[in-house]
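Structural features, examined
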Amino acid sequence: MPKEKTLYFCRECGTETTKWAGQCPGCRAWNTLVEAPAGQAAKLKSKAVSESRKKAAAQAVTKKQPVTISDVENVSDARQSVGMAEFDRVLGGGIVPGSLILLGGDPGIGKSTLLLQTCRMLSGAGVRTLYVSGEESEKQIKLRAERIGEFTDGMLLYSETAMSDIIEAVDMVNPDVLIVDSIQTVYEESVDAAPGSVSQVREVTGILLQLAKSRNITIFIVGHVTKEGNVAGPRMLEHMVDVVLYFEGDKTAMYRMLRGVKNRFGSTNEVGVFEMREQGLIEVPNPSEYLMQGRLEGEAGSVIVSAMEGSRAFLIEVQALVCHSSFPVPRRTAVGTDYNRVNLLMAVLEKRIGMQIGDCDAYVNVAGGMRIAEPALDLAIIASLISSHTGKPFDPKTVFFGEIGLVGEVRAVSHSERRIMEAVKAGYNTIVLPESNRAALDRSGMFDSAGAKLIGVRHVRELGSLT
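Here's a quick rundown of the structure. Bear in mind the structure is a predicted one, so any value in this text is a computation, not a measurement. Along each chain, residues carry numbers from 1 onward, in the same order as the chain's sequence is written. At least 70 in pLDDT is required for a residue's local features to be given in this predicted model, at least 80 for side-chain atom pairs to be given and counted, and no such filter applies to totals for whole chains, interfaces and linings, which use all residues. Water and hydrogen atoms were dropped before computing side-chain values, which therefore reflect all heavy atoms in the structure.

Points about the nonpolar core
Rules: For this analysis, a nonpolar core means a set of buried residues of the types Ala, Val, Leu, Ile, Met, Phe, Trp, Tyr and Cys, connected via side-chain atoms within 4.5 Å. Only protein chains enter the accessibility calculation, which uses a 1.4 Å probe; a residue whose area is less than 20% of its type maximum is buried, one above 50% is exposed, and one in between is partly exposed. For helices the rule is a DSSP run of H or I covering at least 4 residues; for strands it is a run of E covering at least 2, with both sets numbered from the N terminus onward. The criterion used for residue contact is that any of the two residues' heavy atoms lie within 4.5 Å.
Residues I316 and F400 are the most contacted members of the largest nonpolar core, which totals 60 residues. Looking at which element gives the most residues to this core, the answer is helix α11 (residues 378-390), with 7 residues. Look past the residues within four positions of F400 in its chain and what remains in contact with it is V303, I304, V305, S306, L379, A380, A383, F394, V432 and L463. Listed in part, the 31 residues of the second largest apolar core include F87, I141, F220 and L281.

Shown next as structure tokens:
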């Protein structure tokens, strides 16, 4: 019996080739080609559409004609709230009928729980929902649902992985919202490949996209992620959908963060914060208060930074511990921020203000389990290192933000007004910020700091006088 012919697919862009190569000929990515049996795939792909796509297109509306932009209905009026303000914020105000939304995240982070709670809220508001699970049975879903709360009969469960059966269930139920958990478990019978492969994910997503647009159904699909944190499957998957959301957070911490990466119906600068509890995910309307719980005021090495996540400002504690090392090579550790950036800032301290910490162990921690990568964290890290090394604490009601350059200058950062207002709202009365930001606020004459004292600094050496 002759050996079945195989093809190679690129995990990133979906390019097909008959031979393996170290570099994809399409997107030039390295080590992304995977082998899959060809079978009759080439013949089936030469057809206009598969049988499942024909079923999905059968309900399509009459052929469209070109229209002027003034004749297009405003989508903001058609949005449906999911019942959770933090989720609505990230979506841009609610879900848009006919949209395809991809939700990714690490295993066990709470993706299925978030969507199950969304089903509960929507069905309670009279929206007919269908939850399709390829990973759990109906009994398993019910066990999790009982911890969340009461569900109405407007939510239906269906445990299936065949795409044709899912379309039949949609024909029968005619839901307003469809949830597929997860896209890597669903397969299309006409594609001769294993579920979760590049060709299967691409084909199934195409069917769901056509289903959403032709029947005006909002579809949520859950995507597994790789060890690098990207959604598994072809990169084309993120291009096909309307919205890409990532559910992030340390599983050992209580908080979870929902971040928008792509949104055709709103801004991608929004984040939602949730707290994982036994009864499910609880919204955190004031993340600064939540992240500051348990802080000891007046301790050396502890400062507060006003950081931005999307368009929201957060107050987060930055801690540093500097002590003489008992090792030939001092240890340096950074938790919640970039390790190389901490080393760079320590070099700036040694060179620009003469702080002798080359023989000291240094540990920097962003409290609360969050990870902050923005440059405005630099000034807080420098301040915490200075405070820990000298043993002198800063005023506990002081907030820092600013970027540090290699010559020790303090550079301006964006959204200074939002950062200041968040600090004032939390009761902090002294703000240490770049002098250029403070001068810009003075020139505008339109910003009211609500009585807070703004201290502008030009160089890191000026921080020593504030302890």
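Some thoughts on empty space enclosed by the protein
Heads up, the rule is: Cavities and pockets are found on a 1 Å grid laid over the protein atoms alone: a cavity is a set of points where a 1.4 Å probe fits but cannot escape, a pocket is an open set with protein on both sides within 12 Å along at least five of seven lines, and a lining residue has an atom within 4 Å of such a point. Grid points are joined across faces, edges and corners, and a volume is the space filled by probe spheres set on the points. Lys, Arg, Asp and Glu make up the charged group, whereas Ala, Val, Leu, Ile, Met, Phe, Trp, Tyr, Cys and Pro make up the nonpolar group; the residues left over, Gly among them, are polar.
Summed over all chains, the structure comprises 1 cavity of 30 Å³ or more. In this structure, the largest cavity encloses a volume near 40 Å³. Taken together, the residues that form the lining of the largest cavity break down as 6 nonpolar, 3 polar and 1 charged.

Some thoughts on the pairing of strand β5 (residues 129-133)
It is a general feature of regular strands that their side chains alternate between the two faces of the sheet. In plain terms, the rule: Two strands qualify as a pair provided that DSSP identifies no fewer than 2 bridges between them.
Burial runs high along β5: 5 of the 5 residues are buried. Neither face of β5 is open: one carries T129, Y131 and S133, the other L130 and V132, and all of them are buried. The pairing of β5 with strand β6 (residues 155-159) spans 5 bridges and is parallel. By the bridge assignment for β6, Y131 is matched with L157.

As for the packing of helix α6 (residues 163-173) against helix α7 (residues 198-215)
Operational definition: Between the N-to-C directions of two axes lies an angle of 0 to 180 degrees, each axis being a line fitted to C-alpha atoms and, for a helix, fitted only over the stretch in contact. Each angle is binned into one of four classes, with values under 35 degrees roughly parallel, values over 145 roughly antiparallel, values of 65 to 115 roughly perpendicular, and all other values oblique. Left-handed describes a crossing in which the near helix is turned anticlockwise from the far one by less than a right angle; the clockwise case is right-handed.
Packing of α6 against α7 brings their axes to within 11 Å, and their N-to-C directions diverge by 15 degrees. Looking at the two axes, α6 sits roughly parallel to α7. In terms of crossing hand, the pair formed by α6 and α7 is right-handed. Between α6 and α7, the contacting residues are M163, I167, V170 and D171 on the first element and V204, I207, L208, L211 and R215 on the second.

Concerning the sheet that holds β6
The 9 strands lie next to each other as β6-β5-β7-β8-β4-β9-β10-β11-β12, forming an open sheet whose pairing is mixed. Looking along the sheet, the strands with just one partner apiece sit at the ends: β6 and β12 (280-283). Strand-to-strand twist of the sheet, defined as the mean angle between neighbouring strand axes without regard to direction, takes the value 25 degrees. Across the face of the sheet, helix α4 (residues 111-124) comes into contact with β4 (100-105), β5, β6, β7 (177-181), β8 (218-223), β9 (243-248), β10 (255-263), β11 (271-277) and β12 while running at roughly 160 degrees to β5. Helix α5 (residues 138-148) contacts β5 and β6 of the sheet and is inclined by roughly 140 degrees relative to β6.

A short note on the side chain of D181
Inspection of the secondary structure assignment puts D181 in strand β7. Look past the residues within four positions of D181 in its chain and what remains in contact with it is S112, Y131, V132, S133, G134, E135 and V222.

Notes on the packing of aromatic side chains
Where we set the bar: The criterion for an aromatic pair is that two Phe, Tyr or Trp rings (for Trp, the six-membered ring) have centres within 6.5 Å, with stacked assigned to planes under 30 degrees apart, edge-to-face to planes over 60 apart and tilted to the rest. Consider the ring centre and the ring normal. A charge sits over the ring if Lys NZ or Arg CZ is within 6 Å of that centre and within 35 degrees of that normal.
Applying the stated criterion across every chain, the model contains 3 aromatic pairs. Aromatic side chains F247 and F274 sit 6.1 Å apart centroid to centroid with 70 degrees between the ring planes, which places their arrangement in the edge-to-face category. With F247 in strand β9 and F274 in strand β11, this residue pair connects regions lying 27 residues apart in the sequence. Ring geometry for F394 versus F400: centroids 5.1 Å apart, planes at 75 degrees, classification edge-to-face. F400 carries the same exposure label as F394, and that label is buried. The ring of Y428 has K397 lying over it, and the distance from NZ or CZ to the ring centre is 5.2 Å. Note that R419 overlies the ring of F401, its terminal NZ or CZ placed 5.6 Å from the centroid.

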